[in-house]
Amino acid sequence: MTHSLPLPDFTHERVEVITGRRSGLVVTVALHSSTLGPALGGARLWRYPHWSDAMGDALRLSAAMTLKNATAGLDAGGGKSVIALSEADTLDDDRRRAAFLDLGDAVESFGGQYRTAEDVGSTTDDMLVVSERTAHVVGLPDSVGGSGEPAGPTSRGVYAALRATLERVAGSPDVAGRRITISGLGQVGSRLAVRLSGEGAILTVTDVNPAKMSLAAELGATWVEPGTEHLVPADVFVPAGIGGVLTDEVIDALAATAVCGPANNPLAERSGAVRLADRGILYAPDFVANAGGVIYLDVEARTPGHREEIATRIDGIGDTLRRLFDDAAARGVTPLDAAEAYAAERLSTGARVPASV
């Protein structure tokens, strides 16, 4: 499901929108900031009503990557790329390959200031195609010595963030017996659901793909129709699909104590953070909670083989979130304000410092 979202303020360093010479598809590469180092952000392949919607998505997502990488303590800026499919477009194997070759050319034109990786709709095999046209790509398949799929590390980080969120609203980080609703059972949401089920959480799940009902059955989770999941009473609502799900209407009806999940830009409007706070619903900023994958990709690319160090840093997302919750409470602001202020401090000084997680 694609939600229409407002365009962010244009604070980007460079944005390229091209028609791929091989595929004929519109490709957007958005470099938001290279203050902390070459930008890092994935390549999304998705269907949009209009090419401008895809461009807007790239603008929003790249700005969020700047916040994510800064808050995660990485020496990396924010960028994102989007390959747009219309509702009528078909994508056979040949055209898919052509699209990612076109993306590789676009990434190469940035001269190393933007590194891409897999994202929603793309795979590590697609990144291998990109690597035929540029060296500025991470997350290649394990079979060729790459770091592979980052969904596992992303899920691990969201789990750490969810525990910190539960600790804040329920007094304990333990998930056993807690009611958790997961909206979206993609690569990250599915992994998280499996882990939470194994630890005794009471799960409600949904996805726009009805085939995911089989996973719900395997886990003993309650399945609800997409678009109704926010009405189910829960300790934590986990947005794990496409952004923009938390509209004013959804927030006003949300039957959860907290929101914490891997979806990028789940707030349809930035003001949604205040709206959640006014209802007494704790919001864990998405770019903090879902940083596990980018931590993994960036650190593995710089220092291959340091998996234990990476795992420790990803688990530290929970501690970062706890500090941000404390800061927000002390200053009387939302956790989103606190997280953005932390990222802004790093960006304003251009500080390349050890990660805080």
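Bear in mind the structure is a predicted one, so any value in this text is a computation, not a measurement.

*Asks:* Before we move on, can you summarise the environment of T116 with the specific residues and values?
*Replies:* Mapping T116 onto the fold places it in the loop between β6 (114-115) and α3 (124-130). Taking C-alpha positions, T116 is 4.8 Å from V137, a pair spaced 21 residues apart along the chain. One polar contact links T116 to Y114, side chain to side chain, over a distance of 3.1 Å.

*Asks:* Which residues make up the pattern of salt bridges, and what values go with them?
*Replies:* It is possible for side chains of opposite charge to pair when their charged atoms get near one another. This structure, assessed with the given rule, holds 28 salt bridges. Between E199 and R195 there is a salt bridge whose closest N-O contact spans 3.5 Å. Taking relative accessible area as the criterion, R195 reaches 37% and is therefore assigned partly exposed. For R313, the salt bridge is made with E309, and the minimal N-O distance between the two is 3.7 Å. On the criterion of helical spacing, the pair formed by R313 and E309 is a turn pair, its members being 4 residues apart in helix α11 (residues 307-315).

*Asks:* How would you explain the packing of aromatic side chains if you had to name every residue and give the values?
*Replies:* The full count for this structure, using the stated rule, is 1 aromatic pair. Of note, R14 hangs over the ring of F110, and the distance from its end group to the ring centre comes to 4.0 Å. We note R195 situated over the ring of Y159; from NZ or CZ to the ring centre the distance is 3.6 Å.

*Asks:* Before we move on, can you summarise helix α10 (residues 292-302) with the specific residues and values?
*Replies:* Given 3.6 residues per helical turn, the α-helix brings residues three or four places apart onto the same face. Burial analysis of α10 places 9 of its 11 residues in the buried class, which makes it a mostly covered element. Of all the residues in α10, the buried ones are G292, G293, V294, I295, Y296, L297, D298, V299 and E300. Looking at the buried side of α10, the elements it contacts are β3 (39-40), α1 (51-71), β6, α4 (151-170), α11 and α12 (317-331).

About the thresholds
Residues numbered from 1 in each chain as written. Predicted model: local features only at pLDDT ≥ 70, side-chain atom pairs only at ≥ 80, totals over all residues. Heavy atoms only, no water. Helix = DSSP H or I, 4+ residues; strand = E, 2+ residues; numbered from the N terminus. Polar contact = N/O pair within 3.5 Å; in protein donor to acceptor, adjacent residues only side chain to side chain. Salt bridge = Lys/Arg side-chain N within 4 Å of Asp/Glu carboxyl O. Buried < 20%, exposed > 50% of the residue type's maximum accessible area, 1.4 Å probe, protein only. Phe/Tyr/Trp six-rings, centres within 6.5 Å; stacked < 30°, edge-to-face > 60°. Lys NZ or Arg CZ within 6 Å of the ring centre and 35° of its normal. Contact = heavy atoms within 4.5 Å.

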